[in-house]
Amino acid sequence: MEGIEERGVKEVDYLAEERAGAQFHVHSMKIFLAGGQHEYEVSTRIANLVANDPVFAKEDRARISRKELYKNSLKKAGHAWKIILEKGLTEEESMRMRAFIDEPNYTDLHWGMFITALKGQATEEQQHKWLRQAYKLAIIGCYAQTELGHGSNVQGLETTATFDPSTDEFVLNSPTLTSTKWWPGGLGKASTHALVYARLITDSQDYGVHAFIAQIRSLDDHIPLPNVTVGDIGVKFGNGGYNSMDNGLLRFDHVRIPRENMLMKLARVTEQGKYERSNKPRQLGYGAMVYIRQGIVAEASVYLSRAVTIAVRYSAVRRQFGGKDDKAEVQVIDYRTQQHRLFPLLATAYAYRIVGFWMKWLYADVTERLNNNDFSNLPEVHACTAGLKSITTSVTADGIEQCRKLCGGHGYLCASGLPELYAAYVPACTYEGDNTILLLQVARFLLKTLTQVASGTKPVGTAAYLGNVQHLTSVNCEVSQGKDWLNPSVLLEAFEARSARMAVACAMHVAEAPDSELAFEELSPELVEAARAHCQLIVVSKFIEQAQKDLPGEGVKQQLEVLCNLYALSLLTTHSSDFLATGYLTGTQVSHAKDQQKALFSCVRPNAVALVDAFDHTDHYLGSALGRYDGDVYTHLYKGAWKDPLNESVVTEGYHEYLRPVLTQQLWGPTSKL
Ligand SMILES: CCCCCCCC/C=C\CCCCCCCCCCCCCCCC(=O)SCCNC(=O)CCNC(=O)[C@H](O)C(C)(C)COP(=O)(O)OP(=O)(O)OC[C@H]1O[C@@H](n2cnc3c(N)ncnc32)[C@H](O)[C@@H]1OP(=O)(O)O
Ligand SMILES: Cc1cc2nc3c(=O)[nH]c(=O)nc-3n(C[C@H](O)[C@H](O)[C@H](O)COP(=O)(O)OP(=O)(O)OC[C@H]3O[C@@H](n4cnc5c(N)ncnc54)[C@H](O)[C@@H]3O)c2cc1C
């Protein structure tokens, strides 16, 4: 290291005192957050495997060119695949490995969407043909839905698949510029096959959007097939970030594919060109999106907890002001404003972990039901996955940025890990459904549910509270002092009443309007807020359910109770205008909530470092000088600076061409008037 002495071999732990003050059993919390003992052991083993393998190093990502970054991501994916095969890793272990490698790449779409869509929409015969090859990566697939002109409006896609009975083939065509497939991950450079969403035309009739498999590159030399135009769409936001992914563009010029390449589980075209639908709901064609959305919800806590771990550890190390009379300066984590910005995010990371566990259960449950031809809760699952994907990604992206600011100037350095984390995560607000579009889907579900309630149908699952709408729209909140807010049923009723009242107000407006679609559009900002309130209620209720359960480990349950209350009260105070405008709360009750929230900050403070330790992120995974486990921030910031390529030479490249002429006045000469 240049300029300062290396610290000795002695291990440092600048956070030891913080850790000693924890009031709960951290290891038990780690197991809870991992999802159980088995999951904890798998995660620990795989995280260490990745951290100790030099191929998976990632320090350079923000510095290298896009081309190098991309090539390196191919190397990592290939190396990972080799390890998976050699060690015979299970699917669970492989997925953990992908997560710890921490770099988006083509395999995400291949496994996450191409294979999932095949499972959901291909007949058994088709699965036999395609899945066998896909599972061994003999073909690489992507999910080619979005086009240059349409992403959200799936029914507006323009690519056509026209059936030609004379050859028993579909002809794929991109009739306009806007029909160019645009965005699919893995398409740009890696994929050999694409799952193409195109309008099915047979017998001159347009049957709307369906899925087809098209080979796009040769399996011999990877060259695009004739009449296929394919490439990468260009550099994306931020350094590193999502740039390791080859999001691509694709055009077909009358490319012929066999009729059997249409995925035919939900609908088929016969040899004669007759279109036939199965009796299953056509929405099953959106199944891969539902799968990824639940996965995104389950992952939100991982991303948010990474940012929060960095910000909490750094805030405990960083000191500013107050260092008088031989006293050390104040740790910035002790400032109330820092706590006010940071601790609700810590509580949110816990909340999202819990709702993520529930989401996985919900997805497993609906999968089993669908296998038994029970489609009854598909609309609710769609609303839950869409809505929770929307709120968890928006809050997580904003939360990462907040954590960056909480780290002051050093947060702006790539060495903090936060700029790249934000760049990699923020597209989650857009992909797999723009977050506003998804909340509007939830709003439609709420209006539909209220209409059904009015006609006597009892709502179930996360909408069950709407069956209690009479009570929720007339009851008054009973809180008369701060600690009343610690009662779980008081909190739950507040969130239910707020959500029910907002939904009912919207439903009444729409019902009274002469044109309900026009009214829906006019009211869409309010509908989005009502949908958000409903989704926040889901998270609060799942957290409350969990916090009431007994858990092993001293103090673990108590910490979850504190965080649950903090999460709910932080939402309540942030969105207090909803609670006030719906008439459920008074200003005084909101003030009590604020006082109680402050009291909870004091409960979190001594445990803050241990609470982030419980997320168990390795230093490799965090990739942050500020968030290191040992808190040795300054040494590593300093060391890191010297690794920058700009510091490779003492006198910079370009000095002789561009700096020296300026300094020696040779640019303007002695007559310059400046
Ligand atoms: C490093 C190497 C490691 C190697 C390791 C190898 C081994 C690893 C092993 C395993 C690893 C696994 C890794 C997996 C990792 C996964 C990571 C994933 C990362 C994420 C990547 C992100 C990719 C992003 C991809 C995309 O973005 S794909 C495109 C997504 N597009 C959208 O989301 C479009 C949004 N628009 C819509 O969803 C719809 O069109 C709309 C908005 C719903 C429009 O609806 P509209 O009402 O106009 O029309 P209709 O279409 O007619 O719908 C009406 C009715 O249908 C209901 N509906 C709608 N959607 C759904 C749905 N999804 N499900 C059910 N029902 C739905 C709707 O409610 C209406 O119902 P109705 O009753 O009212 O009629
Ligand atoms: C990193 C990344 C990876 C992606 N990977 C894939 C992939 O693998 N495969 C794939 O097929 N696609 C992929 N996509 C595309 C992605 O799914 C779409 O970008 C996304 O669904 C949003 O659609 P859009 O771009 O058409 O946005 P638009 O719908 O054009 O949205 C633009 C704005 O208009 C608003 N808006 C649009 N319609 C309405 C409405 N009805 N009411 C109110 N507001 C509205 C939106 O809220 C938004 O603010 C990816 C995108 C990104 C960024």
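Nothing here was measured: the structure is a model prediction, and the numbers come from that model. (Residues numbered from 1 in each chain as written. Chains lettered and ligands numbered in written order. Predicted model: local features only at pLDDT ≥ 70, side-chain atom pairs only at ≥ 80, totals over all residues.)

Draft legend 1. Examining the overall build of the protein chain more closely. Within the protein chain, the secondary structure is distributed over 23 helices and 11 strands. A globule of 674 residues ought to have a C-alpha radius of gyration of about 26 Å, and the protein chain, at 28 Å, matches this closely. Dimensions of the protein chain, computed from C-alpha atoms along their principal axes, come out at roughly 90 × 75 × 65 Å. Here the protein chain, with 674 residues, has 46% of them falling under the buried criterion. (Helix = DSSP H or I, 4+ residues; strand = E, 2+ residues; numbered from the N terminus. Rg over C-alpha atoms; globule rule 2.2 N^0.38 Å. Buried ≥ 20, exposed ≤ 12 C-beta atoms within 10 Å, placed from the backbone.)

Draft legend 2. Local environment of the site of ligand 2. Every one of the 21 residues lining ligand 2 counts as a neighbour, but Q145, T146, G151, S152 and W183 are closest to it. Within the residue set of the shell around ligand 2, elements represented by two or more residues are β1 (141-144) and α12 (435-454). Looking at the shell around ligand 2 residue by residue, the classes come out as 9 nonpolar, 10 polar and 2 charged. Three or more residues apiece are contributed to the shell around ligand 2 by two domains, here domain 1 (113-279) and domain 2 (288-613). (Near = placed C-beta within 6 Å. Nonpolar A, V, L, I, M, F, W, Y, C, P; charged D, E, K, R; others polar. Domains from an automatic or database assignment.)

Draft legend 3. Region of the structure containing the site of ligand 1. Residues in contact with ligand 1 amount to 37 residues; listed here are only the nearest, G112, V154, Q283, Y286 and G433. At 5 residues, the largest contribution of residues to the shell around ligand 1 is made by helix α4 (residues 66-87). Taken together, the residues of the shell around ligand 1 sort by class into 17 nonpolar, 15 polar and 5 charged. Looking at the shell around ligand 1, you find at least three residues from each of domain 1 (113-279) and domain 2 (288-613).

Draft legend 4. Expanded view of helix α6 (residues 106-121). For α6, with 16 residues, the first-to-last C-alpha span of 21 Å sits near the 22 Å given by 1.5 Å per residue. Counting buried positions along α6 gives 13 out of 16 residues, so the element sits mostly inside the fold. (Expected span 1.5 Å × (residues − 1).)

Draft legend 5. Representation of the UniProt feature "domain: Acyl-coenzyme A oxidase N-terminal" (unreviewed entry) in the protein chain. Taking the UniProt record as the reference, the feature "domain: Acyl-coenzyme A oxidase N-terminal" (unreviewed entry) is found at residues 26-140. Helix makes up 74% of residues 26-140 and strand 0%, with an end-to-end C-alpha separation of 42 Å. (UniProt positions renumbered as here; feature names shortened; annotations may be inferred.)

Draft legend 6. How the structure looks around α12. Helix length check: α12, at 20 residues, gives a terminal C-alpha distance of 29 Å against a target of 28 Å (1.5 Å per residue), a fit within 8%. When we look at burial in α12, the residues that qualify are N435, L438, L439, L440, V442, A443, F445, L446, L447, T449 and L450. Of the surrounding secondary structure, the elements contacted by the buried residues of α12 are α10 (378-406), α14 (488-512) and α16 (524-547). The positive-phi residue at the C-terminal boundary of α12 is G456, with phi of around 95°. (Contact = placed C-beta atoms within 7 Å.)

Draft legend 7. Expanded view of the UniProt feature "domain: Acyl-CoA oxidase C-alpha1" (unreviewed entry) in the protein chain. The UniProt entry lists residues 286-447 under the feature "domain: Acyl-CoA oxidase C-alpha1" (unreviewed entry), expressed in the numbering used here. A helix fraction of 72% and a strand fraction of 0% characterise residues 286-447, whose end C-alpha atoms lie 21 Å from each other.

Draft legend 8. Representation of the domain arrangement of the protein chain. Partitioning the protein chain into domains gives domain 1 (113-279) and domain 2 (288-613). On a C-alpha basis, the centres of domain 1 and domain 2 stand 36 Å from each other. Listed by partner, the interface residues are 12 residues for domain 1 and 12 residues for domain 2. With 4 residues, α6 is the single largest residue contributor to the side of domain 1 that touches domain 2. For the side of domain 1 that touches domain 2, the per-class residue count stands at 5 nonpolar, 7 polar and no charged.

Draft legend 9. Geometry of the packing of α6 against helix α8 (residues 287-317). Interhelical geometry of α6 versus α8 gives an angle of 135° and a closest axis separation of 8 Å. In terms of their interaxial angle, α6 and α8 are classed as oblique. When the axes of α6 and α8 are compared, the crossing they make is right-handed. Contacts between α6 and α8 involve G112, M113, T116, A117 and G120 on the former and, on the latter, G287, A288, Y291, I292 and G295. Grouping the amino acids of the contact of α6 with α8 by side-chain chemistry returns 5 nonpolar, 5 polar and no charged. (Axes fitted to C-alpha atoms, helices over the stretch in contact; angles between N-to-C directions. Parallel < 35°, antiparallel > 145°, perpendicular 65-115°, else oblique. Left-handed = near helix turned anticlockwise from the far one by under 90°.)

Draft legend 10. Highlighting the sheet that holds strand β8 (residues 248-252). Spatially, the 3 strands line up as an open sheet ordered β4-β8-β7, and their pairing is antiparallel. Every other strand in the sheet has two partners, leaving β4 (181-182) and β7 (228-232) as the edge strands with one partner each. For β7 and β8, the ladder comprises 5 bridges, and the chain directions are antiparallel. For V230, the partnering residue across the bridge sits in β8 and is L250. (Pairing = 2+ DSSP bridges.)

Draft legend 11. Up close: unusual backbone geometry. Positive phi is not limited to glycine here, since D168 has a value of about 60°. Look at W183: it is not a glycine, yet its phi comes out positive at around 115°. The residue W183 is located in the loop between β4 and β5 (193-202) in this model.

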